[in-house]
Amino acid sequence: MIVSFFHYGFIMRGLEAGMVVALVAPLIGIFLVLRRYSLIADTLSHVSLSGIALGMLLGINPVLAAIVFTVIASLGIERLRMSKKVYGESALALFLSGSLAFAIVLLSLARGMNANLFNYLFGSIVTVTTTDVFTITILGALVAALVFLFYKELVYITFDEESALVAGIPVKSINVVFIVLTALTVALSIPIVGVLLIAALIVIPVLTALQLRTSFVRTIFYAELCSVCAVLLGMIISFYANLATGGTIVLLMLGLFSAVLLVMKQRRQIGSQ
Amino acid sequence: MHALTRHTLIDARHISFSYGEGEVLHDISLSVCAGDYVGIVGPNGAGKSTFLRVMLGLLTPLQGNIALFNEPIQEFREWWRIGYVPQKVTNFDINFPVTVEEVALMGRYAKRGMFKKVTIEDRRQVEAALTKIGMWEYRNRLIGDLSGGQQQRVFIARALAGQPEIIFLDEPTTGIDEVTRNEFYALLKHLNTEFGLTLVLVSHDLEKVAEEASHIVVIDRTVMWAGSPQEFAQEGHRIHHLAYHGPEPHHS
């Protein structure tokens, strides 16, 4: 039965793209969660919907359009946040509601696209094209490479931004690079979990790994493990049970999070006795 | 004579600073030489931490100049020569997933430079720094699982790991019990006298700093008094009044 699953071309495309996204999302997620900036993933996912809508309206690849749109918006958010003209969270609210409004207007113009839109909203591996796989792999590798390149600086800034500044680390520039990488990760995740569930893919595996209370490197490893397992199982289950891929993946992640939470609570109780 | 042979590490001249309305710092000058242990003291809100942040380039002064290792601060790039123990040592996220060794390793990042991986030499220096402050056996523990005093030692180790020539400490004993605080001051004294490390310590604890530091600077928006511990011993009561109640009125 499993063999037949791997024989479908679209399944293989979905799996390839899914694995890249599963590996890249926690790399970004760990820094977002620890900097209390998880909401930006949600904001950028709504921004990406505008890109999807524009792509569908203009007849260009919606994922590519979402990537361009999300990266531009991420730079706008960072600039607005740095200017201190509005509070950081308010900047996110501005972009979230603004981009959603823009997407709704664009989608009302592009009538008859509802079936495709459903796939982009909730994720479906059927929508993953060969171009998507290529784009996701190249950009996913770029995100991972840049996170590794700036790894020690990102850890330092996340833990203690002021000391990182005193150490001569160009904090502002690295923050800009990081927000662009976040935008890329969000846009790349659309075909797998859909616009509405991207934030969960980025945040939940990290929250699960954080319950294990271990070193930074190991926390990343466990978040990766949780992410890869949930995406792989979620795709297989959603295929056979005919369920929405994104929803299945996120429910599995939540199940894993709850299980780890319970086990750790029991271990603490045993330890305190 | 001895003072003439020592080189100046920090030279702040006529520093004034404001966050918006009214000056927080007014015309403050301070020189720190190699081997000094400078205690900057004053009441809460006197501008001590602001002055320290200006000296570190975290804030830009309205007026005045700062030279670090004889270079204008704007052109200074050798940040690894400076160690920093921030005020929030006792106020960081205790759930942050980072071990003692990982925290100390951050102290090597300035020396290693951008895009370069951590080397065996970095790990060796981290081991030396953690051993020096008696925390090597805790290297695999999460920083959030340690006591306040132990966490402080780890932050000192992080500063030491970069092999700096000077360390700035901003109110490092806030929220720490008296026994731990005394141990901490003993460690600083040891680092200064045994290893010749230059220290600049900001504190509101005038009496304790006067016992420990080689130079005392009392500030309250501007320099109110500066001198040696011996001079402080002679006029301690007057200086205490000056620092916490302002200048005594002149009687005709």
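Everything quoted here is computed from the prediction, not taken from an experiment.

Criteria and cut-off values
Residues numbered from 1 in each chain as written. Chains lettered and ligands numbered in written order. Predicted model: local features only at pLDDT ≥ 70, side-chain atom pairs only at ≥ 80, totals over all residues. Heavy atoms only, no water. Helix = DSSP H or I, 4+ residues; strand = E, 2+ residues; numbered from the N terminus. Rg over C-alpha atoms; globule rule 2.2 N^0.38 Å. Buried < 20%, exposed > 50% of the residue type's maximum accessible area, 1.4 Å probe, protein only. Areas by Shrake-Rupley, 256 points an atom, 1.4 Å probe, with all protein chains shown as cover. Lys, Arg positive; Asp, Glu negative; His and termini not counted. Charge placed at Lys NZ, Arg CZ, Asp CG, Glu CD. Phe/Tyr/Trp six-rings, centres within 6.5 Å; stacked < 30°, edge-to-face > 60°. Lys NZ or Arg CZ within 6 Å of the ring centre and 35° of its normal. Contact = heavy atoms within 4.5 Å. Buried area = accessible area lost by both parts, 1.4 Å probe. Salt bridge = Lys/Arg side-chain N within 4 Å of Asp/Glu carboxyl O. 1 Å grid on protein atoms, 1.4 Å probe; cavity = no way out; pocket = protein on both sides within 12 Å on 5 of 7 lines; lining within 4 Å. Points joined across faces, edges and corners; volume = space filled by probe spheres on them. Nonpolar A, V, L, I, M, F, W, Y, C, P; charged D, E, K, R; others polar. Core = buried A, V, L, I, M, F, W, Y, C linked by side-chain atoms within 4.5 Å. Pairing = 2+ DSSP bridges. Axes fitted to C-alpha atoms, helices over the stretch in contact; angles between N-to-C directions. Expected span 1.5 Å × (residues − 1). Arc of directions from axis to C-beta. Polar contact = N/O pair within 3.5 Å; in protein donor to acceptor, adjacent residues only side chain to side chain.

Asker: What is the right way to read the overall build of chain A from this model?
Answerer: Within chain A, the secondary structure is distributed over 13 helices and 0 strands. In terms of overall dimensions, chain A is globule-like: its C-alpha atoms have a radius of gyration of 19 Å, near the 19 Å expected for 273 residues. Viewed in the frame of its principal axes, chain A has a C-alpha envelope of about 55 × 50 × 30 Å. Scored against the burial criterion, the 273 residues of chain A give a buried share of 52%. Surface summary for chain A: the accessible area is close to 12,000 Å², and the carbon and sulfur share equals 70%. For chain A, the distance from the average position of its 15 positive side-chain charges to the average position of its 10 negative side-chain charges is 5 Å.

Asker: I'm lost on the packing of aromatic side chains in this one. Help?
Answerer: For any pair of aromatic rings, the description consists of the separation of the ring centres together with the inter-plane angle of the planes. Per the stated rule, a full pass over the model turns up 17 aromatic pairs over all chains. Consider the rings of Tyr156 of chain A and Tyr109 of chain B, whose centres lie 5.9 Å apart with planes at 75°: the pair is edge-to-face. You can see Tyr156 of chain A sitting in helix α8 (residues 151-159) and its partner Tyr109 of chain B sitting in helix α4 (residues 109-112), one on each of two chains. Taking the relative accessible area as the measure of exposure, Tyr156 of chain A reaches 5% and is therefore buried. Residue classification places Tyr109 of chain B among the buried residues on the basis of a relative accessible area of 7%. Chaining the aromatic ring pairs together yields one cluster made of Phe31, Tyr151, Phe159, Phe178 and Phe216 of chain A together with Phe96 and Phe155 of chain B. Between the NZ or CZ atom of Arg139 of chain B and the centre of the ring of Trp136 of chain B, over which it lies, the distance is 4.2 Å.

Asker: Before we go on, may I ask you to explain the interface of chain B and chain A in this structure?
Answerer: Note: interface size is frequently given as the accessible area lost on complex formation between the parts. If you look at the interface, chain B gives 32 residues, while chain A gives 27 residues. Of the roughly 2,500 Å² buried at the junction of chain B and chain A (both faces included), carbon and sulfur atoms supply 66%. A per-residue breakdown of the area chain B buries against chain A is headed by Phe96, Pro97 and Tyr109 of chain B, which together make up 24% of the total. Linking chain B with chain A are 4 salt bridges, by the criterion used here.

Asker: Which parts of the structure should I look at to understand the layout of surface pockets?
Answerer: Over the atoms, a rolled probe matching the size of one water molecule traces out where space is still vacant. Approximately 640 Å³ is the volume found for the second largest pocket. Lining the second largest pocket are 22 residues, and of these Tyr151 and Val217 of chain A together with Glu102, Leu105 and Arg123 of chain B sit closest to its centre. Split by residue class, the lining of the second largest pocket holds 11 nonpolar, 4 polar and 7 charged.

Asker: Would you mind going over the nonpolar core with me for this structure?
Answerer: Considering soluble globular proteins, one finds that nonpolar side chains tend to be buried as a cluster. Core analysis: the biggest nonpolar cluster contains 135 residues, and Phe159 and Ile192 of chain A together with Ile156, Leu169 and Leu188 of chain B have the highest contact counts within it. Sorting elements by how many residues they give to this core places helix α2 (residues 9-34) of chain A first, with 15 residues. With residues up to four places along the chain from it excluded, the contact list for Ile192 of chain A reads Gly14, Ala17, Gly18, Val21, Gly123, Ser124, Val128, Val231, Met235, Thr245, Gly246 and Ile249 of chain A. Counting 33 residues, the second largest nonpolar core, distinct from the first, contains Ala12, Leu25, Leu30 and Leu56 of chain B.

Asker: Is there a simple way to think about the sheet that holds strand β8 (residues 198-203) of chain B in this case?
Answerer: Across a sheet, strands are paired by hydrogen bonds formed along the backbone, either parallel or antiparallel in direction. All names here are of chain B. Strand order in the open sheet formed by 6 strands is β6-β7-β8-β3-β9-β10, with mixed pairing between adjacent strands. Edge positions in the open sheet fall to β6 (82-85) and β10 (222-227), since each of these has one partner strand only. The mean inter-strand angle of the sheet, taken between neighbouring strand axes irrespective of direction, is 15°. In the packing of helix α2 (residues 48-55) onto the sheet, the strands contacted are β3 (37-41), β6, β7 (166-170), β8 and β9 (215-220), and the crossing angle to β8 comes to about 145°.

Asker: Explain helix α7 (residues 178-195) of chain B to me, please; I cannot follow it from the model alone.
Answerer: A turn of α-helix holds 3.6 residues, and therefore any two residues three or four places apart point the same way. Residues and elements named next belong to chain B. With 18 residues, α7 ought to run about 26 Å at 1.5 Å a step, and its terminal C-alpha atoms sit 25 Å apart, in line with that. Listed in full, the buried residues belonging to α7 are Thr180, Arg181, Phe184, Tyr185, Leu187, Leu188, Leu191 and Asn192. Each buried residue of α7 lies within a common arc of 155° when the element is viewed along its axis, so the set occupies one face. Residues of α7 that are exposed and point more than 90 degrees away from the buried face comprise Glu178, Val179, Thr193 and Glu194. Each element contacted by the buried residues of α7 is listed here: β3, α5 (120-132), α6 (148-161), β7, β8 and α8 (206-212). If you check the start of α7, you find a side-chain oxygen 3.2 Å away from the backbone N of Val179, and it comes from Asp177. Looking one or two residues past α7, Gly196 carries a phi angle of roughly 65°, positive in sign.

Asker: Please explain empty space enclosed by the protein as it appears in this structure.
Answerer: Enumeration according to the criterion identifies 1 cavity of 30 Å³ or more in this entry. Approximately 150 Å³ is the volume found for the largest cavity. Counting residues per element, the ones that place at least two in the lining of the largest cavity are α9 (161-166) of chain A together with β6 and α6 of chain B. At 3 residues, β6 of chain B tops the list of elements feeding residues into the lining of the largest cavity. Classifying every residue of the lining of the largest cavity by side-chain character gives 11 nonpolar, 4 polar and 1 charged.

Asker: Quick question: what am I supposed to make of the pattern of salt bridges here?
Answerer: When their charged atoms lie close together, side chains carrying opposite charge are able to pair. Residues and elements named next belong to chain B. With the rule as written, the count across this model stands at 18 salt bridges over all chains. Ionic pairing is found between Glu212 and Lys208, a salt bridge with its closest N-O pair at 3.7 Å. A residue pair is termed a helical-turn pair when its members lie 3 or 4 positions apart in one helix, as Glu212 and Lys208 do in helix α8 at 4 residues. The class of Lys208 is buried, set by a relative accessible area of 14%.

Asker: Help me out: how do you make sense of unusual backbone geometry in this one?
Answerer: A negative phi angle is the norm for most residues apart from glycine, just as the trans form is the norm for most peptide bonds. Residue and element names in this part refer to chain B. Even without glycine at this site, Asn70 takes up a positive phi of about 65°. Positioned with a positive phi, Arg221 is a non-glycine residue whose angle comes to about 75°. Mapped onto the fold, Arg221 is located in the loop between β9 and β10.

Asker: Explanation requested: the environment of Ser124 of chain A in the structure shown.
Answerer: All names here are of chain A. Of note, Ser124 is situated in the loop between α6 (114-122) and α7 (130-149). Residue Ser124 is classed as buried on the basis of its relative accessible area, which comes to 12%. When the C-alpha atoms of Ser124 and Ala200 are compared, they prove to be 16 Å apart, with 76 residues separating the residues in sequence.

Asker: Please explain the pairing of β3 of chain B as it appears in this structure.
Answerer: Two faces make up the sheet, and in a regular strand the side chains alternate between them. Residues and elements named next belong to chain B. In terms of burial, β3 is largely enclosed, as 5 of its 5 residues are buried. The two faces of β3 match: Tyr37, Gly39 and Val41 on one face and Val38 and Ile40 on the other face are all buried. In this sheet, β8 lies alongside β3 in parallel orientation, the contact comprising 5 bridges. Bridging across to β8, Gly39 finds its partner in Leu201. Direction of pairing for β3 relative to β9: parallel, over a ladder of 4 bridges. Paired with Gly39 across the two strands is Ile216, which belongs to β9.

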